[in-house]
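Inside the fold
As a plain string of letters, each chain reads:
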Amino acid sequence: MTEEDLTKFRQLLIEQRDEYLETLRGSTESAKGMELDQQRVGRLSRMDAIQHQSISQAANRRIKKELQQIDAALDRIIDGSYGDCLACQLPIPHLRLEAIPHTPHCLSCASNM
Ligand SMILES: [Zn+2]
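Predicted model only: the values in this text are computed from it and were never measured.

1. Examining the overall build of the protein chain
Within the protein chain, the regular secondary structure consists of four helices and zero strands. Counting across all 113 residues of the protein chain, residues that qualify as buried make up 9%. Taking as baseline every contact in the protein chain between residues at least 6 positions apart, the subset at least 24 positions apart corresponds to 54%.

2. Concerning unusual backbone geometry
Residues other than glycine seldom take positive phi values, yet Q89 does so here, at roughly 70 degrees. Turning to its location among the elements, Q89 is positioned in the loop between helix 2 (43–79) and helix 3 (94–99).

3. Describing the nonpolar core
Formed by F9, L13, A73, Y82, I92, L97 and C106, the largest nonpolar core amounts to seven residues. Discounting residues that sit within four places of it in the chain, C106 has contacts with C85, C88, L90, I92 and R96.

4. Here we look at the environment of K64
With respect to the helices and strands, the residue K64 is situated in helix 2. Each C-alpha atom of the pair K64 and L21 lies 8.8 Å from the other, and the pair is 43 residues apart in sequence.

5. A look at the environment of R17
Here R17 shows up in helix 1 (residues 3–40). R17 gets classed as partly exposed once you count the C-beta atoms within 10 Å, which come to 17. Along the primary structure R17 and E66 are separated by 49 residues, whereas in three dimensions their C-alpha atoms are 8.6 Å apart. With near-sequence residues (within four places) excluded, R17 lies in contact with L67 and I70.

Conventions and cut-offs
- Residues numbered from 1 in each chain as written.
- Predicted model: local features only at pLDDT ≥ 70, side-chain atom pairs only at ≥ 80, totals over all residues.
- Helix = DSSP H or I, 4+ residues; strand = E, 2+ residues; numbered from the N terminus.
- Buried ≥ 20, exposed ≤ 12 C-beta atoms within 10 Å, placed from the backbone.
- Contact = placed C-beta atoms within 7 Å.
- Core = buried A, V, L, I, M, F, W, Y, C linked by C-beta atoms within 7 Å.

Honestly, that's just the spatial picture; any functional story needs more than this.
Below, the structure is given as structure tokens:
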């Protein structure tokens, strides 16, 4: 992997991280708005709100996990191991990295997990 490639993937990772952080901020705001609503509305719509909240909590957990993978990928760029599969140590094809820059595994290892 060339310096140019590393710069490109680093940029992609940082953009993705900013996007996820923005999404997390947005969902915290809407959860706050829901709390206020709950004081005014009846039991049925409160159940709706709780259900909605658990969906967004699951989405938040997924985003937080991806953020950890992004941070780990940025660390691997620094230590020079970025782009190599963590399982089989072979280089991950650039097409796959362009689609999922934070992936720690090549396609065949990922599909064997
Ligand atoms: Zn692999």
